[in-house]
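So you can see what is in the structure, the chains are spelled out below.
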Amino acid sequence: MGEEINDNLINTENGCASNTTGEENGGTSGSDIKYYTLEEISLHNMSSDTWLVIHDKVYDITSFLEEHPGGEEVLLEQAGGDATESFEDVGHSTDAREMLQQYYIGEVQLDDRKKEITKCNDVTESGQISSWTTWLIPAAAATVVGVMYYYYVLEHKSS
């Protein structure tokens with residue numbers, strides 16, 4: 001089913017791959033990770049064979065369907081696809097995240113992983129947005145308020 005690759009590329013928190021060994025991540029350096037394409041994963045979308053992708057990791061949750069506290073329907077809706085957003089939206093506990101590890105069977109192939117899109121042109125090194133709108137709109141609002149105040153004070157002085 002899945003292609004076995006041992007290229008020591010591990011998905012990190014920011015979505016980028018880094019070159020690490022299995023020993024650094026709690027495994028053994030000789031362990032092979034099975035990689036699956038999204039096409040392969042999408043075939044496992046029935047109650048008798050249910051796979052999910054969460055954070056680019058593939059889980060066979062077929063045996064967990066009946067045990068899931070939220071019911072098997074919510075899992076079957078995501079079966080054969082990426083359930084990362086739904087999993088995070090629910091706010092699963094630490095125990096649920098640890099329990100998930102027993103169903104781990106591999107990872108999504110590197111070519112099929114979603115790329116994080118960032119707007120690098122509007123962000124400075126300090127992480128702040130450097131755009132003319134960040135200062136122009138407040139400056140224009142301050143000018144309008146200043147002009148209104150000036151005419152208000154001027155009008156009350158002349159009356």
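Labelled according to an unreviewed UniProt entry, the protein appears under the name Cytochrome b5-like, originating from Echeneis naucrates. The Subcellular location (unreviewed entry) field of the UniProt record for the protein holds the comment "Membrane". Note on the protein: under the UniProt heading Sequence similarities (unreviewed entry), the record states "Belongs to the cytochrome b5 family."

Engineer: Give a detailed account of a nonpolar patch on the surface, specifying residues and quantitative values.
Structural biologist: Nonpolar side chains collect at one region of the surface, where Val-147, Tyr-150, Tyr-151 and Leu-154 lie side by side and expose about 430 Å² of accessible area between them. Examined against the element boundaries, Tyr-151 turns out to sit in helix H5 (residues 133–158). Residue classification places Tyr-151 among the exposed positions, given a relative accessible area of 52%.

Engineer: I'd like a rundown of the environment of Ser-42, residues and numbers included.
Structural biologist: Here Ser-42 shows up in helix H1 (residues 38–42). Residue classification places Ser-42 among the partly exposed positions, given a relative accessible area of 32%.

Engineer: Explain the pairing of strand E6 (residues 49–54) residue by residue, including any values.
Structural biologist: Counted residue by residue, E6 has 5 buried out of 6 residues, so it is predominantly covered. As paired strands, strand E5 (residues 45–46) and E6 are joined by 2 bridges and run antiparallel to one another. Paired with Asn-45 across the bridge in E6 is Thr-50. Two successive antiparallel strands, E5 and E6, enclose a turn made up of 2 residues. Pairing between E6 and strand E7 (residues 57–60): 4 bridges, direction antiparallel. Residue Trp-51 lies in a different strand from E7, and its bridge partner there is Asp-60. What sits between the antiparallel neighbours E6 and E7 is a turn of 2 residues, in which His-55 has the positive phi angle 55°.

The rules behind the values
Residues numbered from 1 in each chain as written. Predicted model: local features only at pLDDT ≥ 70, side-chain atom pairs only at ≥ 80, totals over all residues. Heavy atoms only, no water. UniProt positions renumbered as here; feature names shortened; annotations may be inferred. Patch = residues over 30% accessible without salt bridge, like charges linked within 9 Å, V, L, I, M, F, W, Y side chains within 5 Å. Areas by Shrake-Rupley, 256 points an atom, 1.4 Å probe, with all protein chains shown as cover. Salt bridge = Lys/Arg side-chain N within 4 Å of Asp/Glu carboxyl O. Helix = DSSP H or I, 4+ residues; strand = E, 2+ residues; numbered from the N terminus. Buried < 20%, exposed > 50% of the residue type's maximum accessible area, 1.4 Å probe, protein only. Pairing = 2+ DSSP bridges.

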